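Observations on chain architecture
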Amino acid sequence: MRTVSPAFTVEPDRIHDILEQSSNRAARRIRRPVPEPEARADAGRTADAARLAFDGSAARQVSHADRSSRGSAEILETVSVVLRRQVPIRSDEKPRSWLGGLPMMPDNVPWPKSISLGHPQRGEIPLHFLGQICCAELPEELWGGLGPRDGWLLFFIDPNTRDLDGRTEGCHVIHTRALGSERPAPAELGPVRDGTHAGAHDVQSEGAGDAANTWRRWPVDFVTVPNRVVRDGEILRVAPDRFAHVLYAGKEVSDAERPPVPEPFTVRMALDVLTSIETRLAKQPLKPDLPQTVLDALEDPEVLHALRPDVSALQHEIRELEQSLSAAAETDGAQPETDLERLWQLEERLEHDKRLAAVLDRFPSPVSLRNYRQETIRANESWREDALRDLRDIINQLRSDEPDRALSNGEWADIAVHLDQTRTSYFEFRNTEGSEQGVQAFEQDVSLSGLYNAAYVRLWEYVADYYADPEHRPLIPADVLSRFEPYWRRLNDNRPHRTGGAFDGVQSEPKGGPTSRVLLLHLASDDAMHWAWADAGIVYFTISTQDLQDGRFENATVTLECY
């Protein structure tokens, strides 16, 4: 592997002065610092899993000084380590570093707590575990040679506050020399999302159980990259364009949004969908609108007459179109697509108009339409009771089964047919907009399948949960897996998770060059981890070089940046 130049340009004397202050392992190896030439790499080059080199020809390198930690020695960082999630996950080896899940730490190390910044009235609360890094696998150059190269670094955070602005509260970093056993989460640990940064639907699925209080565990590999900040026009950036394609070279990476929501393929997923429908069905009003302004308008005979559809005229139009299509087929054997589409639309409209005409035949006056509304309410309540009874029978039958059993072939399809066929419809009457006073009829069609809101149930989270669990990964259908693996390799806003070096901020510019404060951990928003960090933001832990050298990780701070 050839030498790669750092992401900054400073005078040799300046480098010498900084290295004299640092007293770190990297400094002692350098005898005569000299400026290195700008590195160039082939645009299509890929490197091994341990180290990557970037092409520096497209943008000019820039240098900044970070003097946020007065009294701490300044160092030069030449590398950064990207925490690349394993896709696919290598289940045949024990992970050494991972994001999410539970920590592995000695029994004598207490689970960290902190005052809740977002809810100070709660007092001290347990922090949520973010990830664990194996220090022995970090490159010697990282953090200018400072910091431990044995044991593990464990990171904890309060994810339900926006007050993470460079303070020690709301976070905790632990360095342990022994791995320890997996520590269960404290009973009082709250949900990872309590609605502070998102709507209630993002906390848990409707009808589902308790919201998760841990993130899924995902092993990561270390990829060492040059620490460089480059200027691209008016923008300073760290990660090369389409960085995911470099990190996962040779594997498919999706640049598109999330794949289509899969159908349930386990009992647990089916139950989540059905209990969500049950919750929404119980709340559905099922009461037709019939305001007094509509009744007043219908007192005008012309308005009432205009409301009634002309079924005969529509039937005549359909017959003429059918004759035209038949003649075209006899002439050249083809029927125009636009005419076929028009015929389908007219036939749909005819069925609608017949239903409306039947209602108005039974309830021909404004006074009688009041009776229609009351009759409809009673009929819909009866429909709701029957629909809930049948739906709960299906739910109870599934609940008696193993939750992570794979649904048999056609099992969900049969349930889906029942959901689609269980429906009711009714008309609502509303005033038309504009200067002319009129009334329009709108048909409301309610089915159990229509009450399923995929954005609330979020079945894609189950796919990721099963993927991260070696025991349950075989449950994922091959076609679903082939769509999601490329998606999980993408980087949100081209930002990787990393430790050490500069990073692409959201509200801040990346900094390179001499620094007395280094990056312990940077985490980007990541759908695979169910991390959004407020509004698609980032969180990052930093520490002064002096505290890093002395092992005072309790002085690490955390910052949240978001849009």
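So, how was this worked out
Residues numbered from 1 in each chain as written. Predicted model: local features only at pLDDT ≥ 70, side-chain atom pairs only at ≥ 80, totals over all residues. Heavy atoms only, no water. Helix = DSSP H or I, 4+ residues; strand = E, 2+ residues; numbered from the N terminus. Buried < 20%, exposed > 50% of the residue type's maximum accessible area, 1.4 Å probe, protein only. Contact = heavy atoms within 4.5 Å. Areas by Shrake-Rupley, 256 points an atom, 1.4 Å probe, with all protein chains shown as cover. Salt bridge = Lys/Arg side-chain N within 4 Å of Asp/Glu carboxyl O. Polar contact = N/O pair within 3.5 Å; in protein donor to acceptor, adjacent residues only side chain to side chain. Axes fitted to C-alpha atoms, helices over the stretch in contact; angles between N-to-C directions. Parallel < 35°, antiparallel > 145°, perpendicular 65-115°, else oblique. Nonpolar A, V, L, I, M, F, W, Y, C, P; charged D, E, K, R; others polar. 1 Å grid on protein atoms, 1.4 Å probe; cavity = no way out; pocket = protein on both sides within 12 Å on 5 of 7 lines; lining within 4 Å. Points joined across faces, edges and corners; volume = space filled by probe spheres on them. Phe/Tyr/Trp six-rings, centres within 6.5 Å; stacked < 30°, edge-to-face > 60°. Expected span 1.5 Å × (residues − 1). Core = buried A, V, L, I, M, F, W, Y, C linked by side-chain atoms within 4.5 Å. Left-handed = near helix turned anticlockwise from the far one by under 90°. Pairing = 2+ DSSP bridges. pLDDT = per-residue confidence, 0-100.

Take the overall build of the chain next. Within the chain, the regular secondary structure consists of 14 helices and 20 strands. Out of the 563 residues in the chain, the part that is buried amounts to 50%. Sequence separation of at least 24 residues holds for 76% of the intrachain contacts in the chain that already meet a minimum separation of 6. By element, 47% of the accessible surface of the chain is carried by carbon and sulfur atoms, the whole surface being about 27,400 Å².

The next point concerns the pattern of salt bridges. Within this structure, the stated rule accounts for 32 salt bridges. Among the salt bridges present, the one from Arg96 reaches Glu137, with a minimum N-O distance of 3.1 Å. Residue Arg96 is found in the loop between strand S2 (79–85) and strand S3 (98–99), and its partner Glu137 is found in the loop between strand S7 (128–134) and strand S8 (152–157); the two are separated by 41 residues along the sequence. Judged by relative accessible area, Glu137 falls into the partly exposed class, the value being 40%. Among the ionic pairs, Glu375 bridges to Arg362, the shortest N-O distance being 3.1 Å. In this pair, Glu375 sits in helix H9 (residues 366–399) while Arg362 sits in helix H8 (residues 337–362), placing the two residues 13 residues apart along the sequence. With a relative accessible area of 30%, Glu375 lands in the partly exposed category. Overall, the relative accessible area of 54% leaves Arg362 in the exposed class.

Assignment of secondary structure puts Arg392 in helix H9. Assessed through its relative accessible area of 36%, Arg392 is described here as partly exposed. Put simply, Arg392 and Glu278 are 114 residues apart on the chain and 7.8 Å apart in space, counted from C-alpha to C-alpha. In this structure the side chain of Arg392 is engaged in a polar contact, spanning 2.7 Å, whose partner is the side chain of Glu278.

To describe two helices that pack against each other, one gives the angle between their axes and the distance between the axes. With their axes 11 Å apart at the nearest point, helix H12 (residues 459–468) and helix H13 (residues 478–488) run at an angle of 85 degrees to one another. Taken as axis vectors, H12 and H13 run roughly perpendicular relative to one another. Contacts between H12 and H13 involve Trp460, Val463, Ala464 and Tyr467 on the former and, on the latter, Val480, Leu481, Phe484, Glu485 and Trp488. Per-class residue counts for the contact of H12 with H13 are eight nonpolar, no polar and one charged.

All told, the structure shown has four cavities of 30 Å³ or more when counted by the stated rule. Taken as a whole, the largest cavity spans an internal volume of roughly 50 Å³. In terms of lining, the largest cavity is formed by Arg258, Trp460, Glu461, Ala464, Phe484, Tyr487, Trp488, Asp527 and Ala528. Among the secondary structure elements, those contributing two or more residues to the lining of the largest cavity are H12 and H13.

A word on unusual backbone geometry. For the peptide bond that leads from Val87 to Pro88, omega is 10 degrees, which places it in the cis range. By secondary structure assignment, the location of Pro88 is in the loop between S2 and S3. Not every positive phi belongs to a glycine, and Asn494 is a case in point at roughly 65 degrees. In this fold, Asn494 is placed in the loop between H13 and strand S17 (498–499).

Assignment of secondary structure puts Leu236 in strand S14 (residues 235–237). Note on Leu236: relative accessible area 8%, which makes it buried. It is 6.6 Å that separates the C-alpha atoms of Leu236 and Pro510, two residues lying 274 residues apart in sequence.

A few words now on the side chain of Glu461. Here Glu461 is to be found in helix H12. Discounting residues that sit within four places of it in the chain, Glu461 has contacts with Arg216, Asp527 and His530.

This next bit is on the packing of aromatic side chains. Summed over all chains, the structure comprises 15 aromatic pairs. Arranged with centres 5.2 Å apart and planes meeting at 70 degrees, the rings of Phe155 and Phe541 form a pair that is edge-to-face. On the criterion of sequence distance, the pair formed by Phe155 in strand S8 and Phe541 in strand S19 (residues 538–544) is long-range, its members being 386 residues apart. On the basis of relative accessible area, Phe155 is assigned to the buried category, the value being 0%.

A separate point is H8. Taking 1.5 Å of rise per residue, 26 residues should cover 38 Å, and H8 covers 38 Å from first to last C-alpha, within 8% of that figure. Where the residues of H8 are buried, they touch helix H6 (301–307), helix H7 (311–332), H9, strand S15 (423–431) and strand S16 (439–447).

What follows concerns the nonpolar core. Core analysis: the largest hydrophobic core is formed by 112 residues, its most contacted members being Phe429, Trp488, Leu520 and Phe541. Those residues within four positions of Phe429 in sequence are excluded, and the remaining contacts are Asp289, Leu290, Pro291, Val294, Leu307, Leu356, Leu369, Tyr372, Val439, Gln440 and Ala441. Grouped together as the second largest cluster of nonpolar side chains are 14 residues, Met105, Leu127, Phe129 and Trp152 included.

A separate point is the packing of helix H4 (residues 267–283) against H9. With their axes 10 Å apart at the nearest point, H4 and H9 run at an angle of 160 degrees to one another. When the interaxial angle is binned, H4 and H9 end up roughly antiparallel. The interaxial crossing formed by H4 with H9 has left-handed handedness. Each of Val267, Ala270, Leu271, Leu274, Thr275, Ile277, Glu278, Leu281, Ala282 and Lys283 in H4 lies in contact with H9, whose residues at this interface are Trp383, Arg384, Ala387, Leu388, Leu391, Arg392, Ile394, Ile395, Leu398 and Arg399. Class assignment for the residues of the contact of H4 with H9 results in 14 nonpolar, one polar and five charged.

This brings us to the environment of Asn213. Tracing the chain through its elements places Asn213 in the loop between strand S11 (181–182) and strand S12 (218–226). A relative accessible area of 26% places Asn213 in the partly exposed class. Note: C-alpha distance between Asn213 and Gly190 (23 residues apart in sequence) is 5.7 Å. For Asn213, the residues in contact, after removing those within four places along its chain, are His128, Ala185, Leu189, Gly190, Pro191 and Val192.

Moving on: the pairing of strand S18 (residues 517–524). By the criterion of burial, S18 is predominantly enclosed, with eight of the eight residues buried. When S18 meets S19, the two strands line up antiparallel, connected through seven bridges. Among the inter-strand pairings, Ala524 is bridged to a residue of S19, identified as Ile538.

Per-residue confidence for the chain gives a mean pLDDT of 85, with 84% of residues at or over 70. Contacts of residues 56–68 to residues separated by more than four positions or lying in other chains number 50 contacts, the stretch itself having pLDDT below 50. Low pLDDT, under 50, characterises residues 199–208; the stretch is placed with 29 contacts to residues that sit more than four places away or in other chains.

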